[in-house]
Amino acid sequence: MKEILVIAPFDLTDAQIVKMENSLKELPYQFRFMETLLPYEKNLDAISPSTSAIVSRGGLGEFLRSHTSIPFIKIPVTPYDLLRSITSVYNKGYQRIQVMFFAGIFNDMDFIECDFGALQIKIESYRDQDYAKEHIKQLSKRKTVDAIIGDRFATDAGSKAGIPSFLVKSGEEALVFAVEQAIETLNIQLEEEAKTKELDSILQVVPQAVINVDANDNIKMFNEQAKHIFPELKEALPEFNYTDIFKSEELQDQLKARTIQRNILTPINNQQMLVTTTPIFSNDMYVGAIQVFERLADFQKLEMKIRKEVYKKGLTAKHTFADIVCENKEMKRLVSEAAAFSRSEGSVLIYGETGTGKELFAQSIHNASDRHAQPFVSLNCGALNENLLESELFGYEDGAFTGAIKGGRAGLFEMAHEGTLFLDEINEMPRSFQIKLLRVLQENEVRRVGGTKNIPINVRIICATNQPMDELISHGTFKEDLYYRISTLTLDLLPLRNRKEDIIPLATVFLNKEMERENRFLKINDAKSALRPLLSMRWDGNARELQNFMKRLVITYQESVITADGVHLLLNKAKKSGEVTIPISTSFKEMESHLWAQLYSQFNGTKEEFCNHYKISQTTLWRKLSVQK
């Protein structure tokens, strides 16, 4: 338990000591009082390992202050203490009174010093004991004073010189005040110790090496990781200066800059380090800095760990250009163009209606690129709000928000490092988040939600949109500068209705897949002939809608051999029943657009009949259908 030691040249009553002890009962401190007449040096023996504050006064107090690092609190001598002593001495018949104190023990000299006829009071302070002894001897020789009032040293010297001398005792209120000041000092000390321990605990669990310096660049704190990287720190004391340990001028310049510098690649002790320097300011005044050191090799190991986790989660591209089924010349040209894109590092923007194969192209580009052995990560931007987008793409630290996974989580940008990030339906991304995404793409670094550290990333971006971007930009829903950042290379995929020669080859592929999935074999003698009725459909849902139809055919077809009549019958059933096939999408506007297109296709393009049936105007029909185009 911490101890408050009171060393004073006067005694206390038992009642006063008990009162002091009672005042500390609810606090983690104990009280010890010692009346001393010993030489100054002898009082040092009274200090124990538990002594946390010293309360004293006069020359003894100044001696203890200068010879220990323990907080010192001065017992004041109040005017009332001095008046009580003067009154007592005057009542004893002494009229010429000399008051002598060690400098600083009594500061209200003008308040007391006076000359009232027979009563004469002179006050003098001293710092040098030899001077005080000589001065008192001279007073004795000249017989200019009747008595001396003062501290222990002055009264001892006066008695030896033959002058009646009287010790001024500090009153109980002065001692209580000093003890209260000691308690307040220890409370502040406890708070600082708690903060220091808390900070030290944080530093010790941080995987990076961390060093903290004060305003004069003296080293205050460092963690164990710092000792491993910089062995010189093992012998460093808190008063060691930064330059005593870190001889690198490059490091010193980073500290002197007094600005935040993140992930500066710096050679240190034959190692490549990422160094982040953060200055600390209080009321616009520089009070210190924190430097964080991370071995580049350790950072690369972390990257490898993340990469392995990515592969475990299956974040890989499964498709190649060989999986793109097409006979259409324009579509073949697009495949060749996309293959050329794969040899580049430029960002790619793919436009196409839902179901045209945007992600199929994105995966194929990735697998044909130099990044094919690295992660392929995809995200549908239309499926998440801004907060979820931020936490998914950027990741988050432990406790960043309610429900956050303990320990935090790496974002998709980190997971896709050295690989490809595919952002589908980027047209649905909130404009406010577009600003954050643009900054990441410009700086090539990401900061987790709730984090303070910027993480370098190397990611190729492929984006997809199902709406024309020029229209979104003109309406102010998409940032033009972000568009230019993501559209270095562009692809405009054809809808299935504009490449009818691909319908039957695609349907054949889907038929074989669905038969295998459903474990049902249907014979087809001539696919081109049997599946020809499919050419009469618009397929506004594109390949996705066609695949859904082929799945239904495999499940519900009544015969064992697929014929044109059977396919035609199944198509007519769908039309007659008013069945509408809508590709599932996270965009309700897009689903609504496909719904109107499907309903309209059932009326063979007759606007009047369609509008009369659904009781809408042709203007409304045109507006609903134009959303998709």
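Presented here is an overview of the structure given in this document. Each chain has its residues counted from 1, following the order in which its sequence is written. pLDDT decides what is reported in this predicted model: residues at 70 or higher carry local features, side-chain atom pairs at 80 or more are listed and counted, and totals for whole chains, interfaces and linings draw on all residues regardless. Note that the side-chain values use all heavy atoms of the structure and ignore hydrogens as well as water.

Once that is clear, we can look at the overall build of the protein chain. Helical segments are the DSSP runs of H or I of at least four residues, strand segments are the runs of E of at least two, and each set is numbered from the N terminus. From N to C terminus, the protein chain includes 25 helices and 23 strands. Looking at the protein chain as a whole, 46% of its 629 residues are labelled buried. The contact rule is simple, with two residues in contact once any of their heavy atoms fall within 4.5 Å. Looking at the protein chain alone, contacts between residues at least 24 apart form 64% of all its contacts between residues at least 6 apart. For every accessible area listed, the method is Shrake-Rupley and the probe measures 1.4 Å; residues are considered covered only by the protein chains on display. Here the protein chain has roughly 32500 Å² of accessible surface; of this, 51% comes from carbon and sulfur atoms. Using a 1.4 Å probe on the protein chains alone, a residue whose accessible area is under 20% of its type maximum counts as buried, one over 50% counts as exposed, and one in between counts as partly exposed.

Attention now moves to helix α12 (residues 329-342). Compared with an ideal rise of 1.5 Å per residue, which puts 14 residues at 20 Å, α12 spans 20 Å between its outermost C-alpha atoms and is within 8% of the ideal. Those residues of α12 lying buried are M331, L334, V335, A338, F341 and S342. Each buried residue of α12 sits inside an arc of 115° when the element is viewed along its axis, so together they form one side. When the buried face of α12 is taken as reference, the exposed residues oriented beyond 90 degrees from it are K329 and S336. Tucked inside the fold, the buried residues of α12 contact β15 (348-351), α13 (358-367), β22 (460-465) and β23 (489-492). In protein, a polar contact requires one atom able to donate a hydrogen and another able to accept it; more generally it is a pair of N or O atoms within 3.5 Å, and residues adjacent in sequence count only if both atoms are side-chain atoms. For α12, the capping residue at the N-terminal end is N328, with a side-chain oxygen 2.9 Å from the backbone nitrogen of E330. Here the expected span of a helix is defined as 1.5 Å times the quantity of residues minus one. This arc describes the spread of directions from the helix axis toward the C-beta atoms.

Only centres within 6.5 Å qualify two rings of Phe, Tyr or Trp (six-membered ring in Trp) as a pair; their planes then separate them into stacked at under 30 degrees, edge-to-face at over 60, and tilted for everything else. Enumeration according to the criterion identifies 13 aromatic pairs in this entry. Note on Y94 and F166: the rings are 5.6 Å apart at their centroids and 55° apart in plane angle, and the pair reads as tilted. One end of the pair, Y94, is in the loop between α3 (79-91) and β5 (96-102); the other, F166, is in strand β9 (residues 165-167), with 72 residues separating them in the sequence. We classify F166 as partly exposed; its relative accessible area is 22%. With a centroid separation of 4.5 Å and an interplanar angle of 25°, the aromatic rings of Y242 and F246 are classed as stacked. Using a relative accessible area of 3% as the deciding quantity, one classes F246 as buried. Members of the aromatic cluster, each reached through a chain of ring pairs, are F230, Y242, F246 and F293. Note that R258 overlies the ring of Y286, its terminal NZ or CZ placed 3.7 Å from the centroid. By the criterion adopted, a ring carries a charge over it if an Arg CZ or a Lys NZ lies within 6 Å of its centre and within 35 degrees of its normal.

Taken across its six residues, β22 has six buried, putting it largely inside the fold. Residue alternation in β22 divides its side chains into two sets, R460, I462 and A464 and I461, C463 and T465, and both sets are buried. By this definition, two strands are paired if DSSP reports at least two bridges between them. As paired elements, β15 and β22 share four bridges and run parallel to each other. Across the sheet, residue L349 finds its bridge partner in β22, namely C463.

Attention shifts here to the sheet that holds strand β14 (residues 285-295). Spatially, the five strands line up as an open sheet ordered β11-β10-β14-β13-β12, and their pairing is antiparallel. Because the sheet does not close on itself, it has two edges, and the strands there are β11 (219-222) and β12 (261-268). Taken pair by pair, the neighbouring strands of this sheet meet at an average axis angle of 25°, ignoring direction. One ladder, built from six bridges, connects strand β10 (residues 209-214) with β14; its direction is antiparallel. Its bridge partner lying in β14, D214 is registered against G288. Its contacts with the sheet place helix α10 (residues 249-256) against β10, β12, β13 (271-282) and β14, and it is angled at close to 160° to β12. Axis geometry follows a simple rule: fit a line to the C-alpha atoms, using only the stretch in contact for helices, then measure angles between N-to-C directions, giving values from 0 to 180 degrees.

This part covers the layout of surface pockets. To find leftover empty space, a probe the size of one water molecule is rolled over the atoms. Approximately 790 Å³ is the volume found for the second largest pocket. Taken together, 30 residues make up the lining of the second largest pocket; nearest its centre are G355, G357, L360, A543 and R544. For the lining of the second largest pocket, the elements supplying multiple residues, two or more each, are α13, α19 (503-518) and α21 (542-556). By residue class, the composition of the lining of the second largest pocket is 11 nonpolar, 10 polar and nine charged. Computed over the protein atoms alone on a 1 Å grid, cavities are sets of points where a 1.4 Å probe fits but cannot get out and pockets are open sets with protein on both sides within 12 Å along at least five of seven lines; a residue lines them when it has an atom within 4 Å of a point. Grid points are joined across faces, edges and corners, and a volume is the space filled by probe spheres set on the points. For this classification, Asp, Glu, Lys and Arg are treated as charged, while Ala, Val, Leu, Ile, Met, Phe, Trp, Tyr, Cys and Pro are nonpolar and the rest, including Gly, are polar.

Within the fold, V292 resides in strand β14. On the basis of relative accessibility, which here comes to 25%, the residue V292 falls in the partly exposed class. Expressed as a C-alpha distance, the spacing of V292 and V210, which sit 82 residues apart in the sequence, is 4.6 Å.

We now examine the packing of helix α1 (residues 14-23) against helix α7 (residues 172-205). Packed helix pairs are characterised by how far apart their axes lie and by the angle those axes make with each other. Interaxial distance between α1 and α7 falls to 11 Å at its minimum, and their mutual angle equals 25°. With respect to α7, the axis of α1 lies roughly parallel. In the packing of α1 onto α7, the handedness of the crossing is right-handed. Every residue of α7 that contacts α1 at Q16, K19 and M20 is listed here: E172, L175, V176 and V179. Class assignment of the residues belonging to the contact of α1 with α7 gives a composition of four nonpolar, one polar and two charged. These descriptions rest on fixed angle ranges, namely under 35 degrees for roughly parallel, over 145 for roughly antiparallel, 65 to 115 for roughly perpendicular, and the rest for oblique. Handedness of each helix crossing follows the sense of rotation of the near helix against the far helix: counterclockwise by less than a right angle gives left-handed, clockwise gives right-handed.

This paragraph deals with the sheet that holds strand β4 (residues 72-74). In spatial order, the strands read β2-β1-β3-β4; together these four strands make up an open sheet with parallel pairing. Only two strands of the sheet have a single neighbouring strand rather than two, namely β2 (29-35) and β4. Strand-to-strand twist across the sheet, computed as the mean angle between neighbouring axes with direction ignored, equals 20°. The pairing of strand β3 (residues 51-56) with β4 spans three bridges and is parallel. Its bridge partner being in β4, I54 is matched across the sheet by F72. With respect to the sheet, helix α2 (residues 58-67) is in contact with β1 (2-8), β3 and β4, its orientation differing from that of β3 by roughly 155°.

The terminal C-alpha atoms of helix α5 (residues 129-142), which comprises 14 residues, lie 20 Å apart, in line with the 20 Å expected from a rise of 1.5 Å per residue. Within α5 the residues assigned to the buried category are A132, H135, I136 and L139. The buried residues of α5 occupy one face: seen down the axis, they fall within an arc of 100°. Among the exposed residues of α5, those oriented more than 90 degrees off its buried face are D130 and K141. Buried residues in α5 make contact with β5, β7 (119-126), β8 (147-150) and α6 (152-160). At the N-terminal end of α5, a side-chain oxygen is found 3.1 Å from the backbone nitrogen of D130, two or three residues along, and the residue is D128.

The next point concerns a positive patch on the surface. Two distance rules govern patches: like charges are joined within 9 Å, and nonpolar side chains (Val, Leu, Ile, Met, Phe, Trp, Tyr) within 5 Å, applied only to residues with over 30% relative accessible area and no salt bridge. Take a side-chain nitrogen of Lys or Arg and a carboxyl oxygen of Asp or Glu: if they are within 4 Å of each other, that pair is a salt bridge. Under the convention used here, Asp and Glu are negative, Lys and Arg are positive, and both His and the chain ends fall outside the count. Think of each charge as sitting on NZ of Lys, CZ of Arg, CG of Asp or CD of Glu. Together, K133, K137, K141 and K160 make up a region of like positive charge exposed at the surface. At three residues, α5 tops the list of elements feeding residues into the positive patch. Among the structural elements, K141 can be located in helix α5.

On to unusual backbone geometry, then. A positive phi angle, close to 60°, is found at R258, a residue other than glycine. Residue classification places R258 among the partly exposed positions, given a relative accessible area of 27%. In the Ramachandran plot, E418 falls in the positive-phi region, its phi being about 75° despite a non-glycine side chain. Counting through the fold element by element, E418 comes out in the loop between α15 (412-415) and β19 (420-424).

Interpretation in functional terms is not warranted from these geometric data alone.
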